[in-house]
Amino acid sequence: VQLQASGGGLVQAGGSLRLSCEASGRMFSSFVMGWYRQAPGKQREQVASITSSKSTNYADSVKGRFTISRDNAKNTVYLQMNSLKPEDTGIYSCNVVGVRYGVRNEYWGQGTLVTVSS
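Calculation rules
- Residues numbered from 1 in each chain as written.
- Predicted model: local features only at pLDDT ≥ 70, side-chain atom pairs only at ≥ 80, totals over all residues.
- Heavy atoms only, no water.
- Buried < 20%, exposed > 50% of the residue type's maximum accessible area, 1.4 Å probe, protein only.
- Helix = DSSP H or I, 4+ residues; strand = E, 2+ residues; numbered from the N terminus.
- Pairing = 2+ DSSP bridges.
- Phe/Tyr/Trp six-rings, centres within 6.5 Å; stacked < 30°, edge-to-face > 60°.
- Lys NZ or Arg CZ within 6 Å of the ring centre and 35° of its normal.

Colleague: I'd like a description of the pairing of strand β7 (residues 66-71), backed by residues and values.
Modeller: In β7, alternate side chains face the same way, and those of F66, I68 and R70 are buried while those of T67, S69 and D71 on the opposite face are not. Note that β7 and strand β8 (residues 76-81) share six bridges and pair antiparallel. The partner of S69 across the bridge, within β8, is Y78.

Colleague: Account for the packing of aromatic side chains, naming residues and giving values.
Modeller: Inspection of the entire model under this criterion finds three aromatic pairs. An angle of 55 degrees between the planes, with centres 6.5 Å apart, marks the rings of F28 and F31 as tilted. F31 carries the same exposure label as F28, and that label is buried. Judged by centre distance (6.2 Å) and plane angle (45 degrees), the ring pair of F28 and Y107 falls under tilted. Taken together, the residues span a long stretch of sequence, with F28 in the loop between β3 (17-24) and β4 (31-38) and Y107 in strand β10 (residues 103-108) at a distance of 79 residues. Its relative accessible area of 22% is what places Y107 among the partly exposed residues. Connected via pairs of aromatic rings, a cluster forms that spans F28, F31 and Y107. The residue whose ring lies beneath R44 is Y36, and the NZ or CZ to ring-centre distance is 5.9 Å. Above the plane of the ring of W108 lies R44, whose end atom (NZ or CZ) is 3.9 Å from the centre.

The structure is reproduced here in structure tokens:
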């Protein structure tokens, strides 16, 4: 499975960005897609995730501001980020987790940099 992320950039506080991540290759029948971020000097944290049935989960720090969605036909996950804050700055990476033959598989895309200026 390969993941290709796009959509990062520089935005002022209060602005919006939309990240996309397309998965390709041998996909699973059911899999979770997610976004993680790593701020400078901090550990990577999960931002949001979404299952194949579109059940979502968010970090408390982004609830009400970020929306994760996915297009199952395109194997693509999106992260709409509104009301951005400087503390949202970081490298955002997409992730796929699926099970095949009882074995958990996890894949990561390359990161995309989001910079929020104050």
